[in-house]
Amino acid sequence: MLFRSVIAIDAINEGDRESWARALPALVETLRPYEGIALAVSCRTPFEQIVFPTADRLGFQAVFHEGYPADEQDKAIETYFRGYGIPLPEVPLLEEEFSNPLFLKLFCEALEKVTVKKQHAQINDIAAGQRGMTHILEYFVREKDREIAKRLGTPPGLSWRFLKNVFAAQLAARHTDALPLKDAVALADGAQPTSLPPGALFHALLEEDILAEDVAFSRGAPSTEVVRFTYQKFSDHLIARHLLSSELDVRSRTTIKDSLKDPQRLGRFFQDGKTALRNANVVQAIMIEFPTRIKNKGELLDFLDWEGVPHELCEAFVEGLYWREPRSINRSTDRLISLFLKYERLRDTTLNVLVALSVKPNHPFNFKLDTFLTNQTLVERDLFWTEYLRRRRSETPLRILIWAEHLASKTPSKEFAHAYVTVLKWFLTSTQRGLRDRVTHALFRIGGVQPAALFNETVRSLPINDPYVSERMLAASYGVAMARWQDRSRRQFRRTLSAYAKKLFTLMFTRDAKYGTTHILSRDY
């Protein structure tokens, strides 16, 4: 029996990517004669296109790790939250970062030692769409700063100011994501009070998992000990803010375009599409921070004089919406999202994000998906939306459904219930009867705890040009009515049911009723 040894190289995207691109083919050829050795390499998307674009020719089998799958993510979040003593969220946290164990750990550490009231407030702000994901990263560092200040006796905010104004500024100035160890220690010593021993602030930042030591390798040069942020996205956003503050001239549309063209300024990232993709992490962070910098007068893509924008860059823009502060959403954002929905290569990515944002009651895109689907013809919607549900290339719809099936009994607020019923309603266009049955039952569960949300949306579903939708909405509402009509402990429900019944009678059964139908099941419900 042949036993194989594995050489595993993790996170090559965090090293010198050009060096890895040159070295991997040579390493593969060196190992190829040895059948007893396997090579496994991990790389964060989209950097695999840079590090080994010819992976198939080298003999690699590509496997994409999506983090916790939909049916395990809520359980993972529950495990982490319980382990850190944090109250469980009222609704699922749908951002893809919550499928990342490192991010879950970071998020929980940020909330671990604050009051329960603050924990609820932070979680609700994210779930409701009042805060973007960048807020979590900043909140994490500020909470860690309090711990460091208490331990070292330093002024509050010292660690945050050092990371934001000194460490990140040096990363931006040197166009890198890591500093040599000696330089990082020297910078930290220069920022801390002279009464502290050398290295005190630096080691505190390491111990709190804000900074991490690493080793950088470069072809033809000795290895170098370096220091980087533990979480790369946080590094990307702080670097992006420094680049925008120092290299973007916002006085006019012309000066903004000139800044994006100048190779001595932001032009080194936006010279062309290939250049942007080589720096995809920082470029995405710049696109996220850009609208706030120019006071929401557009998106960065509006200012690029390229003949075309690579679809990978458009995907990065769309996925960046998770991280955006909601107040940074502007007319140009809406226009670009509507445009991307028309392109098949971008459609699924855009829908994935829109579905997640649609269930955030306070997000500007809360009703965009509903409006878009309502205005489509039946044929257009079947080809556009129903096919998206059938392909199941995203687990976001499934996670919404799983939550509604199993967790809705926790009595979500009226706002959340209404948002979820509005989105689930569109799952009923599916041609898969099993899925329609699951969604109908999920709507019944939500309606059982928030009947007004279901009844109101059922009335709104009557004009929809797909009979599957109104029929199943009426079925779910009928189920709630039959389950609760004798519940004498809740007089409000009986008033809500009475008002709903009167609306249905007027809209469906009076002479010349606007939505009268011969559909026997709809009439029965």
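The sections below set out a description of the structure shown in this document. Here the structure is a predicted model, which means the values were calculated and not measured.

## Thoughts on the overall build of the chain
The number of helices and strands found in the chain is 27 helices and 5 strands. Taken over C-alpha atoms, the radius of gyration comes to 26 Å for the chain, in line with the 24 Å a tight globule of 525 residues would show. By principal-axis analysis of the C-alpha atoms, the chain measures approximately 85 × 70 × 55 Å. The buried share of the chain, taken over its 525 residues, is 51%. Looking at the chain alone, contacts between residues at least 24 apart form 68% of all its contacts between residues at least 6 apart. A total of about 26,000 Å² of accessible surface is found on the chain, and carbon and sulfur atoms cover 52% of it.

## A word on the pattern of salt bridges
As enumerated under the stated definition, the model contains 29 salt bridges in all. In this structure, the salt-bridge partner of arginine 151 is glutamate 208, at a minimum N-O distance of 2.4 Å. Remark: glutamate 208 occurs in the loop between helix H10 (200-207) and strand E4 (211-218) and arginine 151 occurs in helix H7 (residues 133-152); sequence separation between them is 57 residues. Connected via shared salt-bridge partners are Lys144, Arg151, Glu207 and Glu208.

## Some thoughts on the packing of helix H16 (residues 311-319) against helix H17 (residues 331-340)
The angle between the axes and the distance between the axes are what describe a pair of packed helices. The N-to-C vectors of H16 and H17 enclose an angle of 125 degrees; their axes lie 11 Å apart at closest approach. Compared by their axis directions, H16 and H17 come out oblique. As for the relative orientation of H16 and H17, their crossing is left-handed in sense. Residues Cys314, Phe317 and Val318 of H16 pack against Thr333, Leu336, Ile337 and Phe340 of H17. Considered class by class, the residues forming the contact of H16 with H17 number 6 nonpolar, 1 polar and no charged.

## Notes on the packing of aromatic side chains
Scanning all chains against the criterion turns up 12 aromatic pairs. Summarising the aromatic geometry, the rings of phenylalanine 162 and phenylalanine 167 are spaced 6.2 Å apart at their centres and angled 45 degrees between planes, so their arrangement reads as tilted. The structure contains a cluster of three or more aromatic residues connected by ring pairs, namely Trp160, Phe162, Phe167, Phe229 and Phe234. Directly above the ring of tyrosine 468 sits arginine 436, whose terminal nitrogen or CZ lies 3.9 Å from the centroid.

## Notes on unusual backbone geometry
Of note, aspartate 209 is a non-glycine position whose phi angle comes to about 60 degrees, a positive value. Structurally, aspartate 209 can be placed in the loop between H10 and E4. Positioned with a positive phi, lysine 295 is a non-glycine residue whose angle comes to about 60 degrees. Lysine 295 gets classed as exposed once you look at its relative accessible area, which sits at 69%.

## Details of the nonpolar core
Grouped together as the largest cluster of nonpolar side chains are 129 residues, with contacts concentrated most on Phe270, Ile286 and Trp385. The biggest single contributor to this core is helix H22 (residues 414-427), with 8 residues. With near-sequence residues (within four places) excluded, isoleucine 286 lies in contact with Ala240, Leu243, Leu244, Leu266, Phe269, Phe270 and Leu300. Counting residues in each nonpolar core, the second largest holds 9 residues, with Leu24, Val28, Val51 and Phe52 among its members.

## Digging into the side chain of asparagine 330
Position of asparagine 330 relative to the elements: it lies in the loop between H16 and H17. With relative accessibility at 10%, the residue asparagine 330 sits in the buried group. Of note is the side chain of asparagine 330, whose polar atom sits 3.2 Å from the backbone oxygen of serine 328. Discounting residues that sit within four places of it in the chain, asparagine 330 has contacts with Pro291, Asn296, Gly298, Glu299 and Arg324.

## Here we look at the side chain of threonine 386
Here threonine 386 lies in helix H20 (residues 378-391). At 3.3 Å, the side chain of threonine 386 forms a polar contact with the side chain of aspartate 382. In this structure, threonine 386 is in contact with Arg381, Thr429, Ser430 and Thr431, ignoring residues within four places of it in sequence.

## Considerations on the environment of phenylalanine 3
Mapping phenylalanine 3 onto the fold places it in the segment before strand E1 (5-9). Among the residues examined, phenylalanine 3 registers a relative accessible area of 64% and is labelled exposed. Residues phenylalanine 3 and glutamate 35, 32 residues apart in the sequence, show an inter-C-alpha distance of 9.4 Å.

## Thoughts on the packing of helix H8 (residues 158-174) against helix H9 (residues 181-191)
Here H8 crosses H9 at 140 degrees, and the two axes come no closer than 10 Å. Taken together, the axes of H8 and H9 are oblique relative to one another. At the point where H8 passes H9, the crossing takes the right-handed sense. On the side of H8, the interface is formed by Leu158, Phe162, Val166, Phe167, Gln170 and Arg174, while H9 contributes Asp183, Ala184, Leu187, Ala188 and Ala191.

## Section: helix H25 (residues 467-484)
If you check H25, its first and last C-alpha atoms are 26 Å apart, about what 18 residues at 1.5 Å a residue would give, namely 26 Å. Every buried residue of H25 is listed here: Val469, Ser470, Glu471, Arg472, Met473, Leu474, Ala475, Ala476, Ser477, Val480, Ala481 and Arg484. Here the buried face of H25 lies against H22, helix H23 (433-449), helix H24 (451-461), helix H26 (491-508) and helix H27 (520-524). Capping the start of H25, aspartate 466 holds a side-chain oxygen 3.0 Å from the backbone nitrogen of tyrosine 468, two or three residues further along.

## Some words on the environment of glycine 199
Along the polypeptide, glycine 199 turns up in the loop between H9 and H10. According to the relative accessible area criterion, glycine 199 is buried, its value standing at 4%. Between the alpha carbons of glycine 199 and threonine 386 there is a distance of 58 Å; along the sequence they are 187 residues apart. Those residues in contact with glycine 199 that lie beyond four places of it in its chain are Asp189 and Gln192.

## Quick word on H8
Helix length check: H8 (17 residues) gives 23 Å between terminal C-alpha atoms against 24 Å at 1.5 Å per residue, within 8%. Along H8, the largest kink reaches about 30 degrees and is centred on alanine 168. Of all the residues in H8, the buried ones are Leu158, Ser159, Trp160, Phe162, Leu163, Phe167, Ala168, Ala169, Leu171 and Ala172. Immediately beyond the C-terminal end of H8, within one or two residues, lies histidine 175, with a positive phi of roughly 55 degrees.

## Structural notes on a nonpolar patch on the surface
The grouping of Tyr478, Met482, Trp485, Ile520, Leu521 and Tyr525 at the surface amounts to a nonpolar patch, some 590 Å² of accessible area in total. Counting only elements with at least two residues in the nonpolar patch, the list comes to H25 and H27. The residue tryptophan 485 is located in the loop between H25 and H26 in this model. Given a relative accessible area of 44%, tryptophan 485 falls into the partly exposed group.

Cut-offs used in this document
- Residues numbered from 1 in each chain as written.
- Predicted model: local features only at pLDDT ≥ 70, side-chain atom pairs only at ≥ 80, totals over all residues.
- Heavy atoms only, no water.
- Helix = DSSP H or I, 4+ residues; strand = E, 2+ residues; numbered from the N terminus.
- Rg over C-alpha atoms; globule rule 2.2 N^0.38 Å.
- Buried < 20%, exposed > 50% of the residue type's maximum accessible area, 1.4 Å probe, protein only.
- Contact = heavy atoms within 4.5 Å.
- Areas by Shrake-Rupley, 256 points an atom, 1.4 Å probe, with all protein chains shown as cover.
- Salt bridge = Lys/Arg side-chain N within 4 Å of Asp/Glu carboxyl O.
- Axes fitted to C-alpha atoms, helices over the stretch in contact; angles between N-to-C directions.
- Parallel < 35°, antiparallel > 145°, perpendicular 65-115°, else oblique.
- Left-handed = near helix turned anticlockwise from the far one by under 90°.
- Nonpolar A, V, L, I, M, F, W, Y, C, P; charged D, E, K, R; others polar.
- Phe/Tyr/Trp six-rings, centres within 6.5 Å; stacked < 30°, edge-to-face > 60°.
- Lys NZ or Arg CZ within 6 Å of the ring centre and 35° of its normal.
- Core = buried A, V, L, I, M, F, W, Y, C linked by side-chain atoms within 4.5 Å.
- Polar contact = N/O pair within 3.5 Å; in protein donor to acceptor, adjacent residues only side chain to side chain.
- Expected span 1.5 Å × (residues − 1).
- Bend = angle between axes of the 7 residues up to and from the residue.
- Patch = residues over 30% accessible without salt bridge, like charges linked within 9 Å, V, L, I, M, F, W, Y side chains within 5 Å.

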